[in-house]
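Below are the chains, spelled out letter by letter.
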Amino acid sequence: MEAIRSVEYDRPQGLTCGVGEAWARVPDAPSPEQKRELKERIRALLRREEAVLVAHYYVDAELQELADETGGCVADSLEMARFGRDHAAKTLVVAGVRFMGETAKILSPDKRVLMPDLDATCSLDLGCPADEFAAFCDAHPDRTVVVYANTSAAVKARADWMVTSSIGLEIVADLHARGEKILWAPDRHLGNYIQKKTGADMLLWQGTCLVHDEFKGIELDLLRNEYPDAKILVHPESPEGVVALADVVGSTTQLIDAAVKLDAKRFIVATDLGILHKMRLAAPGKTFIEAPTAGNSATCKSCAHCPWMAMNGLANLAEVLERGHNEIHVDPAIGLRARLPIDRMLDFASRHKKRVQASGDLAKDTSLFTNVGAA
Ligand code: 13P
Ligand code: SF4
């Protein structure tokens, strides 16, 4: 495989901000009294603006609760895209990171899409500038271009397919079965995982997620020895040595499903710790332990929490609804082109789900999970 590019996390590009700046802008936790007031204000503003809140599992628990109780959704990036597209609301407020807001806008160009902080970005997006990516594609015209959702609209506009972690494996397996060679960007760990599972010919961009890249296989192994009864749940943006120890590898929704369905009382979780809120609600009585990011081999930049997801708070959510600023704009021509790979993925995901339901083979249902050991 060619090593194309390593990610320089702390170099802000354009409007986006680096890790240090993101942490500095994470809002202070409001007092219980302020929380109550802010939540009340947000409920009223959502009604006034005919808006719906679309949140990712990694954002603050208070935001997740508000999304759930006001008829919005808390979901993985695939479900967020679908929910925003299908919802009748005139305004979508996306509590997540910029690529999620852009995907919502691309799928719903006539809706107003707001975000609590437009600078909330992603190391994968930052590490894959559109011009360098276009040059990479130009150098390999024989390959089908598959990009992860965690990219800019301009990168998606250059792709044949967009995938998320909950359907990437199935889409690449299908392309491989058709004899297509893949150019994959930007997450090298997810690309490597999919390559190993499918045997596809994949050329990988060398981006990483700064949260998942910090999980440590050596320390995870030591922790597993301490809790031999625990099942290990891993997001596939994690390094190979961490994935190798997993009982389940999957998207955020798939990991929550696994926590509910697996017959275990204890889980070690290698993904952003924001997910633990939903896991605890979905599987009460079970114990969840954060996978180690520290230890002898530590270089921790994030300590299992995404600084850009953490930029979403109650105060800036209320503010954006009040003032209507922080609107996501996508150049219409880029949006139109970027919609093609996203629609392809959404159509594939619907067909896949129907096929699985018709065959009764629930183990292949992408709303369930991938068991590494069984594959
Ligand atoms: P999911 O598609 O699993 O929600 O992942 C998005 C993401 O950014 C994980 O770091
Ligand atoms: Fe990007 Fe990683 Fe944050 Fe997800 S957790 S948004 S992949 S930096």
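Quick caveat, the model's predicted, so the values are computed rather than measured.

(A) Structural detail: unusual backbone geometry. With an omega of -10°, the peptide bond between Ala185 and Pro186 qualifies as cis. Mapped onto the secondary structure, Pro186 falls in the loop between strand E7 (182-185) and helix H10 (188-198). Even without being glycine, Glu50 reaches a positive phi, approximately 50°. Along the chain, Glu50 falls in the loop between helix H2 (32-48) and strand E1 (51-56). One non-glycine residue, Asn326, lies in the positive phi region at around 55°. Relative to the elements of secondary structure, Asn326 occurs in the loop between helix H15 (314-323) and helix H16 (332-359). You can call Asn326 buried: its relative accessible area is 19%.

(B) Structural detail: the sheet that holds strand E2 (residues 73-75). Judged by pairing direction, the sheet is parallel, and its four strands sit side by side in the order E2-E1-E3-E4 without closing on themselves. In this open sheet, the two strands that pair with only one neighbour each are E2 and strand E4 (112-114). Strand-to-strand, the axes of this sheet are offset by a mean angle of 20°, without reference to chain direction. In the packing of helix H3 (residues 61-69) onto the sheet, the strands contacted are E1, E2 and strand E3 (91-95), and the crossing angle to E1 comes to about 135°. Against the sheet, helix H4 (residues 77-86) engages E1, E2 and E3, with an angle of about 170° to E1.

(C) Inspection of the pairing of E1 at higher detail. For E1, the tally of buried residues reaches six of six residues, placing the bulk of the element in the interior. Along E1, one buried face is formed by Ala51, Leu53 and Ala55 and the opposite face, lined by Val52, Val54 and His56, is buried too. Two elements, E1 and E3, share five bridges in a ladder whose sense is parallel. Within E3, the position partnered with Leu53 by the bridge is Val93. Pairing of E1 with E2, which is carried by three bridges, proceeds in the parallel orientation. Note that in E2 the partner of Ala55 across the bridge is Val74. Handedness of the E1-H3-E2 crossover: right-handed.

(D) Quick look at the UniProt feature "binding site: iminosuccinate" (unreviewed entry) in the protein. Within the UniProt annotation, "binding site: iminosuccinate" (unreviewed entry) is assigned to His56, Ser77, Tyr148, Ala149, Asn150, Ser165, His235, Pro236, Glu237 and Thr252. Take Ala149: it is sitting in the loop between strand E5 (144-148) and helix H8 (153-156). In this structure, Ala149 is in contact with Ser77, Phe99, Lys156, Met162, Val163 and Thr164, ignoring residues within four places of it in sequence. The topology assignment puts Pro236 in the loop between strand E9 (231-234) and helix H12 (240-243). On the basis of relative accessible area, Pro236 is assigned to the buried category, the value being 2%. Among residues more than four places away in sequence, those in contact with Pro236 are Ser165, Asp187, His189, Leu190, Tyr193, Val249 and Gly250.

(E) Seen up close, the site of ligand 1. Around ligand 1, the surrounding shell consists of His56, Tyr58, Asp76, Ser77, Asn150, Ser165, His212, His235, Glu237, Ser251 and Thr252. Within the side chain of His56, one N or O atom sits 2.7 Å away from an oxygen atom of ligand 1. In the environment of ligand 1, an oxygen atom lies 3.1 Å from a nitrogen or oxygen atom belonging to the side chain of Asn150. A total of 300 Å² of accessible area belongs to ligand 1 in isolation, and the protein chains cover 96% of it.

(F) Broad picture of the nonpolar core. Within the largest apolar cluster, 127 residues are counted, with the highest numbers of intra-cluster contacts made by Phe133, Trp184, Leu233, Met279, Trp308 and Leu317. If one sorts the elements of this core by residue count, H16 sits on top with six residues. Setting aside chain neighbours within four positions, we find Phe133 in contact with Cys128, Val145, Val147, Val155, Arg158, Leu183, Ala185 and Trp205.

(G) Inspection of the site of ligand 2 at higher detail. Residues in close proximity to ligand 2 include Tyr58, Val97, Cys122, Ser123, Leu124, Asn150, Cys209, Leu210, Val211, Glu237, Cys306 and Trp308, which together make up its full environment. Across the shell around ligand 2, the residue classes tally to nine nonpolar, two polar and one charged.

(H) Structural detail: the packing of aromatic side chains. Evaluation of the coordinates by the stated rule reveals six aromatic pairs. Their ring planes at 55° and their centres at 5.4 Å tell us that Phe136 and Trp205 sit as a pair that is tilted. Here Phe136 is found in helix H7 (residues 130-138), whereas its partner Trp205 is found in the loop between strand E8 (202-204) and helix H11 (217-226), with 69 residues between them in sequence. On the numbers, 6.1 Å between centres and 85° between planes, the contact of Trp161 with Phe348 is edge-to-face. Taken together, the positions of Trp161 in strand E6 (residues 161-163) and Phe348 in helix H16 put the pair 187 residues apart, joining distant regions of the chain. By relative accessible area, which is 12% here, Trp161 ends up buried. Put simply, the rings of Phe133, Phe136 and Trp205 pair up and form one aromatic cluster.

(I) The arrangement of the packing of H4 against helix H5 (residues 98-107) in detail. Across the interface, H4 lies against H5 with an axial gap of 9 Å and an inter-helix angle of 35°. Handedness of the crossing formed by H4 with H5: right-handed. Touching Ser77, Met80, Ala81 and Arg85 of H4 are Phe99, Met100, Thr103 and Leu107, all from H5. The class makeup of the residues in the contact of H4 with H5 is five nonpolar, two polar and one charged.

What counts, and at which threshold
- Residues numbered from 1 in each chain as written.
- Chains lettered and ligands numbered in written order.
- Predicted model: local features only at pLDDT ≥ 70, side-chain atom pairs only at ≥ 80, totals over all residues.
- Heavy atoms only, no water.
- Helix = DSSP H or I, 4+ residues; strand = E, 2+ residues; numbered from the N terminus.
- Buried < 20%, exposed > 50% of the residue type's maximum accessible area, 1.4 Å probe, protein only.
- Pairing = 2+ DSSP bridges.
- Axes fitted to C-alpha atoms, helices over the stretch in contact; angles between N-to-C directions.
- Contact = heavy atoms within 4.5 Å.
- Right-handed = clockwise from strand over helix to strand, strands pointing away.
- UniProt positions renumbered as here; feature names shortened; annotations may be inferred.
- Near = heavy atom within 4 Å.
- Polar contact = N/O pair within 3.5 Å; in protein donor to acceptor, adjacent residues only side chain to side chain.
- Areas by Shrake-Rupley, 256 points an atom, 1.4 Å probe, with all protein chains shown as cover.
- Core = buried A, V, L, I, M, F, W, Y, C linked by side-chain atoms within 4.5 Å.
- Nonpolar A, V, L, I, M, F, W, Y, C, P; charged D, E, K, R; others polar.
- Phe/Tyr/Trp six-rings, centres within 6.5 Å; stacked < 30°, edge-to-face > 60°.
- Left-handed = near helix turned anticlockwise from the far one by under 90°.

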